Amino acid sequence: MNHLLQMLNYHTWANQTILGRIKELPSSVLSQEVNSSFPTLAHALSHIYAVDTMWYLVVTGTGMPEALQATLPLNKKLLHSVDEYSQLFTQLSEQYREWFRNQTDLEQTILLDNPFARIRQTRLSEIVLHLVNHGTYHRGNISTMLRQLGHASTMNDYALFWYQEPHDDSVLAERRLESSD
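Residues numbered from 1 in each chain as written. Predicted model: local features only at pLDDT ≥ 70, side-chain atom pairs only at ≥ 80, totals over all residues. Heavy atoms only, no water.

### Digging into the pattern of salt bridges
- Scanning all chains against the criterion turns up six salt bridges.
- For Arg 120, the salt bridge is made with Glu 126, and the minimal N-O distance between the two is 3.6 Å.
- In this structure Arg 120 comes out as partly exposed when scored by relative accessible area, which is 38%. (Salt bridge = Lys/Arg side-chain N within 4 Å of Asp/Glu carboxyl O. Buried < 20%, exposed > 50% of the residue type's maximum accessible area, 1.4 Å probe, protein only.)

Here you go:
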């Protein structure tokens, strides 16, 4: 499997994993205030979604300044249930998969006019890796926030994801046979 596609799949899985954990808790936890990077879990989730959407717009041809303007309201839009967030993230991950299926060269560059930095040529592959890294960073914030609210989080590391993927049992059996010789 293509490594970048695997990273996108990990990002989708990790988002759904943390959402699944939050769904197990009382619904009020989504809007319960905490002294952390974000005032509530809903704020953190809205931020991840807004940034993921912004990057989707960028990789599909929208300039970064325009993409930022278009997604700014998403950062402030707080949803009332984990299911609503789950649906949004699922829809967006499907859009990314469709985009990915239509890519012939993820090493191609686009001119990225980042209003927080400067203009630079940026590979699509770099943007995908940044998207995943950004999500990982903020899922860590969410884990800390859950602990501050008195709840355990859930593991959503990339290494755990490796074991969640379907695997080919025939390859595993062949490796075991080779190691027993």
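### With respect to helix α4 (residues 82-101)
- Between its terminal C-alpha atoms α4 stretches 28 Å, which fits the 28 Å expected from 20 residues at 1.5 Å a residue.
- Buried residues of α4: Val 82, Tyr 85, Ser 86, Phe 89, Leu 92, Ser 93, Tyr 96, Trp 99 and Phe 100, and no others. One side of α4 carries all its buried residues, which in axial view fall inside an arc of 145°. Opposite its buried face, α4 presents the exposed residues Gln 87 and Arg 101, each directed more than 90 degrees away.
- Packed against the buried residues of α4 are α1 (3-23), α2 (41-59) and α5 (124-148). (Helix = DSSP H or I, 4+ residues; strand = E, 2+ residues; numbered from the N terminus. Expected span 1.5 Å × (residues − 1). Arc of directions from axis to C-beta. Contact = heavy atoms within 4.5 Å.)

### Side note on the packing of α2 against α4
- As a packed pair, α2 and α4 sit with axes 11 Å apart at the nearest point and diverge in direction by 20°. Our classification of the angle between α2 and α4 gives roughly parallel. Relative to α4, the crossing made by α2 is left-handed. Where α2 abuts α4, its residues Ala 42, Leu 45, Ser 46, Ile 48, Tyr 49, Asp 52, Thr 53, Trp 55, Tyr 56 and Val 59 lie against Tyr 85, Leu 88, Phe 89, Leu 92, Gln 95, Tyr 96 and Trp 99.
- Its residues assigned to classes, the contact of α2 with α4 shows 13 nonpolar, three polar and one charged. (Axes fitted to C-alpha atoms, helices over the stretch in contact; angles between N-to-C directions. Parallel < 35°, antiparallel > 145°, perpendicular 65-115°, else oblique. Left-handed = near helix turned anticlockwise from the far one by under 90°. Nonpolar A, V, L, I, M, F, W, Y, C, P; charged D, E, K, R; others polar.)

So, to be careful, I would describe these as geometric facts and stop short of saying anything about function.
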